[in-house]
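Breakdown of the fold
If you want the building blocks of each chain, they are given just below.
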Amino acid sequence: MDIYGHYHHSLIQIQKLMMDRLESLNQQARDAGHAKLYEHLASRIKSNDSMIEKCQRKGYPVNTESALRRCHDAIGFRIICNFIDDIPRNLQALKNADWCTIVKEKDYITHAKPNGYRSYHVILDLTTPYEDVAGHTPGHYYVEIQLRTIAMDSWASLEHEMKYKHNIKDPERIGRELKKCANQLASCDIQMQTIRQLIHENDKE
Amino acid sequence: MRILLAEDNSQLRRVIVAALKTSQYIVDAVTNGQEAVDHAKQHPYDVMILDIMMPVKDGLEALREIRAAGDRTYVIMLTALSEIDDKVNGLDAGADDYLTKPFSLKELLARLRSLERRFDSLDEDVLKFGNITLDGNEQVLKSENSISLSSKESRLLQYLILNAGKELSSQTLLNQTWDDDDEHADNEDVWINVPYFRQKLQAVNANVTLAGPKGGPYQLIEREKPNA
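Residues numbered from 1 in each chain as written. Chains lettered and ligands numbered in written order. Predicted model: local features only at pLDDT ≥ 70, side-chain atom pairs only at ≥ 80, totals over all residues. Heavy atoms only, no water.

1. Examining the overall build of chain B
Along its length, chain B carries eight helices and 11 strands. For a compact globule of 228 residues, the expected C-alpha radius of gyration is about 17 Å, and chain B comes in at 23 Å, more than 25% above that figure. The C-alpha extent of chain B, read off along each of the three principal axes, is 70 × 35 × 30 Å. In chain B, 51% of the contacts between residues at least 6 apart in sequence involve partners at least 24 apart. (Helix = DSSP H or I, 4+ residues; strand = E, 2+ residues; numbered from the N terminus. Rg over C-alpha atoms; globule rule 2.2 N^0.38 Å. Contact = heavy atoms within 4.5 Å.)

Here it is in structure tokens:
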């Protein structure tokens, strides 16, 4: 089955629209003489199989309504930044944007997950020119955004590799090493941010 | 603890070995300075006890060679009672302590116990202040979150916690935390670590801050309320 039904096409259009909107926020920041908001963007539409699996796991009925309303990550974006300071700048830009509202925030940077995972997650409610699952136009769609630094992103890739490999010898040890590594990367992120602030500390005067 | 004993007097050697073994120490006993040097090269020791007057190679020469090889093991010299010069030469050659002959076994064992306490306390490198925990072995700062510290930061924070609430000058921190070989370190080096600390304390949501203006004095204080 196609869990997204005839909304699948809209999801692809909205993904493009979202990409354009984020790029435009970045351009506005650059035009105002600020540093770029992010280093790069990544996005995906959750695959049919993953979405079906998720609905089953959460105990939702396997249908389009569950996929687009009860789940919030059919469309997922990553905003990958050079520095930690860039993350609140992106959040502020999203809060100021008139085409979306933030419906949920999770700060896994201040409160890292026990395994060392760090990222700032937000769920956006996006207003789009496309019909939504409730039949409204302009339609509302959820988009999950993960904001993180390059270091956090590399770490997450490594952790992802471990999670989906089942033949690792001594996974507890690898887990401990990953956690240590996450602490060291967080330390480097803070060090870079501090140096950057020291470089710019006289800019305001 | 594993101990290397170099003593050429066989009767004294036997007595010391027996006393050390009774105290559950592992002992390697040798009879001259050259054997001491050879053993020091081959095995890891926690303490070395070296007599000064020995055949083949005396204790001072053995000690110099051991130190020249980069060995930092704690060394106790056994010196003759009257010879101040032996004590001075021994300490200058790199000894950490000395005992004058004749010495009591009780005193030797008490000194070893004191050393053991010192070694153990170095391993207990976990300090707490406010809602933060510093794990000096892992060089990690923990609170609601955790973050790595550099070795300098770890030493600095250890000193700050042990002296929490006191106003500490930049110079004091410099003397305490920077190695003697780092001659170029100055107050600016101390200062650059202050914003690192502030950011890291904030990153783990600590209720502890490092107060003080640029140039010091600095003071580690616990805030009333944790970070919002």
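The rest of the description comes next.
2. Some details on the overall build of chain A
A count of helices and strands for chain A gives six helices and five strands. Listing each helix as α and each strand as β along chain A from the N terminus yields α-β-α-α-β-α-β-β-β-α-α. Along the three orthogonal principal directions, the C-alpha set of chain A runs to about 55 × 50 × 20 Å. Across the 205 residues in chain A, those meeting the buried criterion constitute 42%. Intrachain contacts of chain A at a sequence separation of at least 6 include 64% that bridge at least 24 residues. Surface accessibility of chain A: about 11200 Å² in total, with carbon and sulfur atoms responsible for 51%. Computed over 28 positive and 28 negative side-chain charges, the separation of the two mean positions in chain A equals 6 Å. (Buried < 20%, exposed > 50% of the residue type's maximum accessible area, 1.4 Å probe, protein only. Areas by Shrake-Rupley, 256 points an atom, 1.4 Å probe, with all protein chains shown as cover. Lys, Arg positive; Asp, Glu negative; His and termini not counted. Charge placed at Lys NZ, Arg CZ, Asp CG, Glu CD.)

3. Let's talk about the interface of chain A and chain B
At the interface, 18 residues of chain A touch 14 residues of chain B. Across the contact surface, chain A and chain B share zero salt bridges. On the surface where chain A and chain B come into contact, there are 13 residue pairs in polar contact (both at pLDDT 80 or more). Split by residue class, the side of chain A that touches chain B holds six nonpolar, nine polar and three charged. (Salt bridge = Lys/Arg side-chain N within 4 Å of Asp/Glu carboxyl O. Polar contact = N/O pair within 3.5 Å; in protein donor to acceptor, adjacent residues only side chain to side chain. Nonpolar A, V, L, I, M, F, W, Y, C, P; charged D, E, K, R; others polar.)

4. Considerations on helix α3 (residues 59-68) of chain B
Residue and element names in this part refer to chain B. For α3, the full list of buried residues reads Gly 59, Leu 60, Ala 62, Leu 63 and Ile 66. End-on, the buried residues of α3 take up no more than an arc of 160°, which puts them together on one face. For α3, the capping residue at the N-terminal end is Asp 58, with a side-chain oxygen 3.0 Å from the backbone nitrogen of Leu 60. (Arc of directions from axis to C-beta.)

5. Focus on the side chain of Asp 73 of chain A
Residues and elements named next belong to chain A. For Asp 73, the location among the structural elements is in the loop between α3 (64-70) and β2 (75-81). Of the residues examined, Asp 73 reaches a relative accessible area of 7% and is grouped as buried. Setting aside residues no more than four positions away along its own chain, Asp 73 makes contact with Arg 44, Lys 46, Met 51, Lys 54 and Glu 144.

6. Observations regarding the sheet that holds β2 of chain A
All names here are of chain A. Taken in spatial order, the five strands make up an open sheet running β1-β2-β5-β4-β3, and their pairing is mixed. Because the sheet does not close on itself, it has two edges, and the strands there are β1 (40-45) and β3 (100-107). Along the sheet, successive strands turn relative to each other by an average axial angle of 20°, direction set aside. The pairing of β2 with strand β5 (residues 139-149) spans seven bridges and is classified as parallel. Paired with Arg 78 across the strands is Gln 146, a residue of β5. (Pairing = 2+ DSSP bridges. Axes fitted to C-alpha atoms, helices over the stretch in contact; angles between N-to-C directions.)

7. Comments concerning helix α5 (residues 150-163) of chain A
Residues and elements named next belong to chain A. Helix length check: α5 (14 residues) gives 20 Å between terminal C-alpha atoms against 20 Å at 1.5 Å per residue, within 8%. Within α5, the full set of buried residues consists of Ala 151, Met 152, Asp 153, Trp 155, Ala 156 and Glu 159. Looking at the buried side of α5, the elements it contacts are β2, β5 and α6 (171-200). (Expected span 1.5 Å × (residues − 1).)

Any functional reading would require information beyond the geometric quantities listed.
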